[in-house]
Amino acid sequence: MGPVHLLGRYMSASLRAQMQYPAGATMLAVGQFMATIIDVIAIWALFDRFGALEGWRFGDVAMFFGLVSISFSIADFLSRGFDVMGTEFIKTGNFDRILLRPRTATLQIIGHDFRLSRVGRLMQGLAVTALAAASLDLHWSVPAVALAFWTIAGGVALFFGLMVIQGALASWTTESLEAMNLLTYGGVQAAQYPLSIYAGWFRNFLIFVVPIGCVAYFPVLAILGKRDPLGAPDWLLPLTPLAGFAFLAVSFLAWRAGISKYTSTGS
């Protein structure tokens, strides 16, 4: 059985298990949708009261918000195993069994769990993106649609990479570090607004250290047909999601280093 087929079997088993209680699964998804849509309402209220923010309209920010939400929801759906690496694998010793099986640890951790509730956030992202397009009277040309998918792919790679790093760190700390939430959930919050409103040091962090701006801010500018107030050339904007894949590659190097330092529970 090939890795893709096996991953599909993992996903099917996980989703079937959750659908044994369809009402509960539905309520969790609705809860995710409602919890995140409140943020959109807050942003709308802000722009409705004060108008544009440094030239950015509600539709512009909603486009950032929607595409980032879509990217994060997909990454979160695929990376649950890395998120619980410390509590469900390292501390319990279950990672020993993972290493003894004739499949890569990475594949098994990805296939550990697929949270159906993340569909709620995905639906929110799609709804907000549609709202943004309507607000801006945006015409979805073929290049714009392709760039939107490319932007989402880069975002999925980056947020997935952050989860992988969190799992790698658990090999040393035996805990899933809450500090990583500053980069994952905090990064999502930061990416939902244009980088130009932030201080210079923070912008540089979101571009050159954890390149969240490269998978959200720059390509969305290209979709909207806007020039970058920070001065990035127009030709560069559609290429920046590549940074998400580069970050994912680095995260897997950290994952391999973490696996090599794993010493088991001794039990």
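The shown structure was predicted, so the numbers you read here are calculated from the model rather than taken from an experiment.

What to know about the environment of Trp150
The residue Trp150 is located in helix H9 (residues 142-173) in this model. The spatial distance from the C-alpha of Trp150 to the C-alpha of Ala134 is 21 Å, given a sequence separation of 16 residues. Excluding anything up to four places from it in sequence, Trp150 contacts Pro238, Pro241, Leu242 and Phe245. In terms of polar contacts, Trp150 uses its side chain to reach the backbone carbonyl oxygen of Pro238, at 2.8 Å.

Notes on the environment of Ile43
If you trace the backbone, Ile43 turns up in helix H2 (residues 22-50). Its relative accessible area of 5% is what places Ile43 among the buried residues.

Quick word on the packing of aromatic side chains
On inspection of all chains with the given rule, the structure shows 15 aromatic pairs. Ring geometry for Phe82 versus Phe160: centroids 5.7 Å apart, planes at 75°, classification edge-to-face. With a gap of 78 residues between them, Phe82 in helix H4 (residues 80-83) and Phe160 in helix H9 connect regions that are remote in the sequence. Here Phe82 falls in the buried class, since its relative accessible area comes to 0%. Its relative accessible area of 10% is what places Phe160 among the buried residues. Summarising the aromatic geometry, the rings of Phe95 and Trp255 are spaced 6.4 Å apart at their centres and angled 75° between planes, so their arrangement reads as edge-to-face. With Phe95 in helix H6 (residues 94-100) and Trp255 in helix H13 (residues 242-260), the pair connects residues that are 160 residues apart, well separated along the chain.

Notes on the confidence of the model for the protein
Counting all residues, the mean pLDDT for the protein is 87, and 97% of those residues have values of 70 or more. Within the protein, helix H12 (residues 217-224) carries the highest mean pLDDT (94), whereas helix H5 (residues 85-90) carries the lowest (79).

Comments concerning a nonpolar patch on the surface
A cluster of nonpolar side chains, Trp235, Leu236, Leu239, Leu242 and Phe245, forms an exposed patch at the surface whose accessible area comes to about 500 Å². As for its placement among the helices and strands, Trp235 is situated in the loop between H12 and H13. When its relative accessible area of 61% is taken as the criterion, Trp235 is described as exposed.

Quick notes on the rules
Residues numbered from 1 in each chain as written. Predicted model: local features only at pLDDT ≥ 70, side-chain atom pairs only at ≥ 80, totals over all residues. Heavy atoms only, no water. Helix = DSSP H or I, 4+ residues; strand = E, 2+ residues; numbered from the N terminus. Contact = heavy atoms within 4.5 Å. Polar contact = N/O pair within 3.5 Å; in protein donor to acceptor, adjacent residues only side chain to side chain. Buried < 20%, exposed > 50% of the residue type's maximum accessible area, 1.4 Å probe, protein only. Phe/Tyr/Trp six-rings, centres within 6.5 Å; stacked < 30°, edge-to-face > 60°. pLDDT = per-residue confidence, 0-100. Patch = residues over 30% accessible without salt bridge, like charges linked within 9 Å, V, L, I, M, F, W, Y side chains within 5 Å. Areas by Shrake-Rupley, 256 points an atom, 1.4 Å probe, with all protein chains shown as cover. Salt bridge = Lys/Arg side-chain N within 4 Å of Asp/Glu carboxyl O.

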